[in-house]
Each structure stands twice: as structure tokens, then as C-alpha cells.
Amino acid sequence: MKLSDNKATLSFSNGAPSMELPVYSGTLGPDVIDIRKLYGQTDMFTYDPGFLSTASCQSSITYIDGDKGELLYRGYPIEELAQKKDYLDVCYLILNGELPDAAQKADFDLQVNRHNMVHEQMHFFLRGFRRDAHPMAILTGLVGAMSAFYHDSTDITDPTHRHISAIRLIAKMPTMVAMAYKYTKGQPFIYPRNDLSYAGNFLRMMFATPCEDYEVNPVLERAMDRIFTLHADHEQNASTSTVRLCGSSGTNPFAAIAAGVACLWGPAHGGANEACLHMLEDLQANGGVAKVGEFMEKVKDRNSGVRLMGFGHRVYKNYDPRAKLMQETTKEVLAALGLENDPLFKLAMELERIALEDQYFVDRKLYPNVDFYSGIVQRAIGVPNELFTAIFALARTVGWIAQWNEMISDPEYKIGRPRQLYVGEGVRHIK
Ligand code: SDX
């Protein structure tokens, strides 16, 4: 970041001395006002619940322009990466800052492939869950449990330890998500196979059984790979900020990523894809397209507590570029499976059409986000609703670990410790 010629001057009407605050510029996007000296000089904090106007860090990984609906991973537009590269290319890019050449890609693929099995003890750990446990409950446990297995790489100040932890997490997430699915189905776990692609391996671990292997359909394989790419990173969203804050205490990367998994689960965040599909299924079961108008009235009534899940975004005040790509992918998969007339897809398209013309949504700049179509395409592939967020977590792991690594390798980093505006009782004594 570079010091801007611009300065911010803070003055107070109560005659307190004013102060000058430096302004910094990045490569793209809004400048920042450096308030690090504010408390020391004024004995006051800033106040920004939800961090709507706060930059928590500087980062070189992902850039989002919410007004333009633009998303860049290390400067490359998501549209180009989704069309021209595969997910492991994107993982290498997000982790290292550059796309891999052929040799680097082959080596990275081999590293990931060589770490895709989990320790056999994990099978016993998993068996402690009820069969009807939510996959995100299982995944939060499994990821946290990884810190019990890798005592050979616990020094987070050692870049090689940080690298092997990143590889292990990226490599084992598909295996653990598939195991969580198989466990809830009552089917045996399927081991990964190193002759398959990252996405192909995941699909086979999900849908093969010991009695019948699973032939990876290249259209579904490509779609799954693209879904991973679309979810890989997204700047300082709630779960990434959770990983950074958790990791800032110096804890191990597995514990920090497990915190990110737990945060992502919420319906306002990664849980929105599961909630969106439940919304579409309920609407379909209760009148479908004919009832959309009535449903939208509820959505617009703030007292109803009903939200159009998969719509709206804290940053995007234009179309989420991932939603466009997800819609295209959904069309490709439905066509490949002969499901062009899928009623839920048609219902989603009708909801989108109506919303984009409705003043309530236009005034609030509410557009479809990444979660609006992702459930429909995953359901068509055969993924159950309750697994959607676990797949989001699988894909986002590379972003989380890259952001964690960027923080830990920043010599200036320190433990995150926000303050508050105290509005509770003044001092009082027990009578
Ligand atoms: C993800 O941050 C990220 O980058 C996240 C993510 C990532 O990749 O990491 O992109 C992934 O989490 C996508 C978002 C998924 N969540 C949903 O789809 C859930 C539905 N959407 C929302 O609940 C909401 O839009 C948020 C949480 C996403 C954003 O909320 P904000 O920015 O806090 O906005 P808000 O709640 O203050 O809403 C502003 C207005 C309100 O109306 P008024 O009070 O001004 O009258 O818009 C309304 C809200 O009621 N509104 C909606 C709405 N979203 C906002 N009304 C109906 N349906 C919605 N979906």
C-alpha cells in the first residue's frame, strides 16, 4: 500500500485538538484512513458494527468491485479462470500469486493427490456422530480433529509447515466431505483414487459403492470443478475474517479453518445455498410459479421475517459475477441430464426475473448471489441439500488457508482484539 497525498483531518466541536490521519491507497478499490493512532491520541474508538466501513487488513489475494460486479483472484477475472483453468490451477494461483506452468501444475497435482487420504483413526472419530448429524457438524469436527494428527508440522512460523498444512487441508476436504455424506447414508466410505481429477475423485467418493463403481460424467466433473473455483475465495467475508481472527492468536491452521467452517454454516452466509433450495422446494410444493407474487409480497414485508435466500450481498450492489457463471453451469448440467424443464430452475428464473424488475429489490440493489443457483445445479448432480454448504467449505478452504498464510507471514501481524462502546451498568456494589 502507498501513502496518498490526501490526508484526513479529524476535528471536534468540543475544542479537543484536531488530528491528521494518513490516507493509504491500494492497487484497486477505496483508499483507507489509517486510524491506528486514533485511540492513543484521542482516547476514542471508531464504531462500526458489522464492519461496513472497515478494512481489517491489507491483502493481495482477492479483489471485489461491488458496484461493477467484478471479482478478481490475484488480478485474474473470475470469468476467465472459470472458463480456462481448473480448480487446482486456481488453488495454486491463490496460494502462490501466479498461475502454475505445466511442471508446477503437475507437481502441485501430485502433492494434493498424495495427501487425499485421511488417517484411518478419523473413521473411528466420525463414527461417534449420530447418522442424522448435519454434515457441517461433522465437518467442523473432522477439520478441528486434523490438529490431533499432524504433530510434524505445528510450527506456524515455518513456511514449510504452513505449506504442508495447506496441502493437507485442500487434499483432504473432498475426502472428509464425502465421508460425512456416506456416513449419513449408512454406506461405507470410498477411498480416493489418484488417477482421477480433483473433482472427479470427489464425485466418485460421493456416489460409488463397493458394489458398483461410479463412471465420472465429464460434464458433471467440469461443473463440480467450476463450482469449486467460483467459491474459492472472496476477500474478507465473515468466515475468512473468522479464520484470520482465530488464527491471529497463533493457534494451528486446522483449528482456524474449523472456525471458518463453523461460521460459514450460518444461513446469512454459506448456509444460504441450502436455505435457498428449501425455499424453492417449499414454494414449488405450495403453488410454484403461480404463487410467486404472493411469496414476494412476504419477502418485501420486513415484519414477515422472510428473505429471498440467495439474493442480496454486503458488497455486491450489482449482479454477483459468480451467480451468472453458476446459472450457465446449471443450464449445461440440466441439458446434459435431460432436465431442461427442471421446475425448480424455472421457478428460480421466474423469481429472479420478477425481483430484478421490482422496485423493492431495485432500490436496495439486491441481485442474485453465488448461492441462488448453486443448490439447483448440485441437486441435479445428486448432491443432497444439507451437503451444499459442506461443498462450499471444501472449495473455500484454499481461500481461508491462503488468507491465514498471508496474515501469519506478515511481520506486522498481531492478535486481533476489537474494543467496544460499553453501555452497561456503571460501577455498583453488592449491598
Ligand atoms: C455469501 O460476504 C461475502 O462475500 C459472502 C459470500 C462469500 O463468497 O463469502 O459472498 C457468500 O454469504 C453470499 C450471501 C448469502 N446470503 C443470502 O443469500 C441470505 C439472504 N441475503 C441476506 O440476508 C442479505 O442480503 C445479506 C446477509 C447477504 C447481506 O445483508 P446486509 O448487507 O447486512 O444487508 P441488510 O440485511 O442490511 O439488507 C439491506 C436491506 C434491508 O431492507 P431495509 O431494512 O433497508 O428495508 O435489504 C433487505 C433488508 O431487509 N434485504 C433483503 C434481502 N437481503 C437484504 N430483503 C429480502 N431478501 C433478501 N435476500
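Right above here is the structure, for reference.
Scope of this entry: the structure provided in the associated data block. (Residues numbered from 1 in each chain as written. Predicted model: local features only at pLDDT ≥ 70, side-chain atom pairs only at ≥ 80, totals over all residues. Heavy atoms only, no water.)

1. Overview of the site of the ligand
1) Next: Taken together, 24 residues lie around the ligand, and His 234, Arg 302, Arg 307, His 313 and Arg 322 are the ones closest in.
2) Next: One of the side-chain N or O atoms of His 269 is found 2.9 Å from an oxygen atom in the ligand.
3) Next: In isolation the ligand offers 1000 Å² of accessible surface; the protein chains occlude 79% of this area.
4) Next: Looking at side-chain class alone, the shell around the ligand contains ten nonpolar, seven polar and seven charged residues. (Near = heavy atom within 4 Å. Polar contact = N/O pair within 3.5 Å; in protein donor to acceptor, adjacent residues only side chain to side chain. Areas by Shrake-Rupley, 256 points an atom, 1.4 Å probe, with all protein chains shown as cover. Nonpolar A, V, L, I, M, F, W, Y, C, P; charged D, E, K, R; others polar.)

2. A few points about the pairing of strand β4 (residues 62-65)
1) Next: Neither face of β4 is left uncovered, since the one carrying Thr 62 and Ile 64 and the one carrying Tyr 63 and Asp 65 both have all their residues buried.
2) Next: Pairing geometry for β4 and strand β5 (residues 70-73), over four bridges, is antiparallel. Within β5, the residue paired with Asp 65 across the bridge is Glu 70.
3) Next: Here β4 folds back onto β5, and the loop between the two strands holds four residues, one of which, Gly 69, carries a positive phi near 70 degrees. (Buried < 20%, exposed > 50% of the residue type's maximum accessible area, 1.4 Å probe, protein only. Helix = DSSP H or I, 4+ residues; strand = E, 2+ residues; numbered from the N terminus. Pairing = 2+ DSSP bridges.)

3. Re the layout of surface pockets
Think of a ball as big as a water molecule: rolled over the atoms, this probe shows where empty space is left.
1) Next: As a volume, the second largest pocket reaches approximately 200 Å³.
2) Next: If you go around the second largest pocket, you meet 13 residues; those closest to its centre are Asp 86, Leu 88, Asp 109, Ser 197 and Tyr 198.
3) Next: Only α4 (102-113), α8 (198-207) and α9 (218-230) provide two or more residues apiece to the lining of the second largest pocket.
4) Next: Per-class residue counts for the lining of the second largest pocket are five nonpolar, two polar and six charged. (1 Å grid on protein atoms, 1.4 Å probe; cavity = no way out; pocket = protein on both sides within 12 Å on 5 of 7 lines; lining within 4 Å. Points joined across faces, edges and corners; volume = space filled by probe spheres on them.)

4. Side note on helix α15 (residues 343-357)
1) Next: Along its 15 residues, α15 runs 21 Å from first to last C-alpha, staying within 8% of the 21 Å computed at 1.5 Å per residue.
2) Next: Within α15 the residues assigned to the buried category are Leu 344, Phe 345, Leu 347, Ala 348, Glu 350, Leu 351, Glu 352 and Ala 355.
3) Next: Against α12 (272-285), α13 (292-300), α14 (321-336), α16 (359-363) and α17 (371-381) lie the buried residues of α15.
4) Next: A side-chain oxygen of the first residue of α15 lies 3.1 Å from the backbone nitrogen of Leu 344; this N-cap is Asp 342. (Expected span 1.5 Å × (residues − 1). Contact = heavy atoms within 4.5 Å.)

5. Let's talk about α13
One turn of the α-helix equals 3.6 residues, which is why residues spaced by three or four share an orientation.
1) Next: Every buried residue of α13 is accounted for by Val 292, Phe 295, Met 296 and Val 299. Along the long axis of α13, the arc covered by the buried residues comes to 100 degrees, so they all point the same way.
2) Next: Summarising the contacts, the buried residues of α13 are in contact with α12, α15 and α16. (Arc of directions from axis to C-beta.)

6. With respect to the environment of Arg 314
1) Next: Looking at the secondary structure, you find Arg 314 in the loop between α13 and α14.
2) Next: A sequence separation of 59 residues divides Arg 314 from Tyr 373, and the C-alpha atoms of the two residues are 18 Å apart.
3) Next: Dropping the residues within four chain positions of it, Arg 314 is found in contact with Gly 50 and Leu 52.
4) Next: Engagement of the side chain of Arg 314 in a polar contact is seen with the backbone oxygen of Gly 50, the distance being 3.2 Å.

7. Some remarks on unusual backbone geometry
1) Next: Positive phi is not limited to glycine here, since Phe 51 has a value of about 55 degrees.
2) Next: Residue classification places Phe 51 among the exposed positions, given a relative accessible area of 55%.

8. What to know about the sheet that holds strand β3 (residues 32-33)
1) Next: Read across the sheet, three strands follow the order β1-β2-β3 without closing on themselves; strand pairing throughout is antiparallel. The open sheet has two edge strands with one neighbour each: β1 (2-10) and β3.

9. Regarding the nonpolar core
1) Next: Counting residues in hydrophobic clusters, the biggest one holds 120 residues, and the most contacted among them are Leu 139, Phe 228, Leu 280, Leu 308, Leu 351 and Ile 381.
2) Next: Looking at this core, the element that brings in the most residues is helix α18 (residues 388-408), giving 14 residues.
3) Next: When residues no more than four places from it in sequence are discounted, the contact partners of Leu 308 are Met 279, Phe 295, Met 296, Val 299, Leu 351, Ala 355 and Phe 361.
4) Next: In this structure, Ala 8, Met 19, Leu 21 and Val 23 belong to the second largest nonpolar core, which totals five residues. (Core = buried A, V, L, I, M, F, W, Y, C linked by side-chain atoms within 4.5 Å.)

10. A word on the side chain of Asp 358
1) Next: With respect to the element layout, Asp 358 can be found in the loop between α15 and α16.
2) Next: A distance of 2.5 Å separates polar atoms of two side chains, one belonging to Asp 358 and the other to Lys 300.

11. Re the packing of aromatic side chains
1) Next: Under the criterion given, the structure shown has 17 aromatic pairs.
2) Next: For the pair Tyr 181 and Phe 207, a centre-to-centre distance of 6.2 Å together with 75 degrees between the ring planes defines the contact as edge-to-face. On the criterion of sequence distance, the pair formed by Tyr 181 in helix α7 (residues 159-185) and Phe 207 in helix α8 is long-range, its members being 26 residues apart.
3) Next: Ring plane angle 80 degrees and centroid distance 5.7 Å describe the contact between Phe 311 and Phe 361, whose orientation is recorded as edge-to-face. Of the two residues, Phe 311 sits in the loop between α13 and α14 while Phe 361 sits in helix α16, which places them 50 residues apart along the sequence.
4) Next: Through pairs of rings, three or more aromatic residues link up here, namely Phe 311, Phe 345, Tyr 360, Phe 361, Phe 372 and Tyr 373.
5) Next: Taking the ring centre of Tyr 39 as reference, the NZ or CZ of Arg 419 above it sits at 5.9 Å. (Phe/Tyr/Trp six-rings, centres within 6.5 Å; stacked < 30°, edge-to-face > 60°. Lys NZ or Arg CZ within 6 Å of the ring centre and 35° of its normal.)

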